[in-house]
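This is what each chain is made of:
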Amino acid sequence: MSEFDMIDLENLIKDAPEREPDLPLPTLEEQKRIAAELKALEEKGELTPEILEKYFGGKTSH
């Protein structure tokens with residue numbers, strides 16, 4: 001890697017927006033409970049973007 005590449009990388013890192021801290025993953029039991037709850041809501045036609053946002057966050061990549 002050239003000296004220019006290192007300076008470029010340092011600038012990218014310095015200018016990168018701060019990330020939100022990662023949330024700890026729920027336990028396997030909690031994951032199963034959440035999945036069952038979401039599946040039940042989906043079957044009733046009550047699964048909304050707001051509910052999904054509650055569990056998965058509101059930031060989408062597209």
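Just so you know, these numbers come straight off a predicted model, no measurement behind them.

Counting its regular elements, the protein contains three helices and zero strands. Per element, the accessible surface of the protein, about 6200 Å² overall, is 58% carbon and sulfur.

A surface patch of nonpolar side chains, about 320 Å² in accessible area, is lined by Leu9, Leu12 and Ile13. You can see isoleucine 13 is positioned in helix H1 (residues 3–15). Judged by relative accessible area, which is 65%, isoleucine 13 ranks as exposed.

A few words now on the confidence of the model for the protein. Residues with a pLDDT of 70 or more make up 76% of the protein, whose mean pLDDT is 79. Between the elements of the protein, mean pLDDT differs from a low of 69, seen in H1, to a high of 94, seen in helix H2 (residues 28–43).

Packing of H2 against helix H3 (residues 49–56) leaves a shortest axis separation of 12 Å and a crossing angle of 170°. Relative to H3, the element H2 is oriented roughly antiparallel. When H2 is examined against H3, the residues Ile34, Glu37, Leu38 and Leu41 are found in contact with a partner set consisting of Ile51, Tyr55 and Phe56. Its residues placed into classes, the contact of H2 with H3 shows six nonpolar, no polar and one charged.

Calculation notes
- Residues numbered from 1 in each chain as written.
- Predicted model: local features only at pLDDT ≥ 70, side-chain atom pairs only at ≥ 80, totals over all residues.
- Heavy atoms only, no water.
- Helix = DSSP H or I, 4+ residues; strand = E, 2+ residues; numbered from the N terminus.
- Areas by Shrake-Rupley, 256 points an atom, 1.4 Å probe, with all protein chains shown as cover.
- Patch = residues over 30% accessible without salt bridge, like charges linked within 9 Å, V, L, I, M, F, W, Y side chains within 5 Å.
- Salt bridge = Lys/Arg side-chain N within 4 Å of Asp/Glu carboxyl O.
- Buried < 20%, exposed > 50% of the residue type's maximum accessible area, 1.4 Å probe, protein only.
- pLDDT = per-residue confidence, 0-100.
- Axes fitted to C-alpha atoms, helices over the stretch in contact; angles between N-to-C directions.
- Parallel < 35°, antiparallel > 145°, perpendicular 65-115°, else oblique.
- Contact = heavy atoms within 4.5 Å.
- Nonpolar A, V, L, I, M, F, W, Y, C, P; charged D, E, K, R; others polar.

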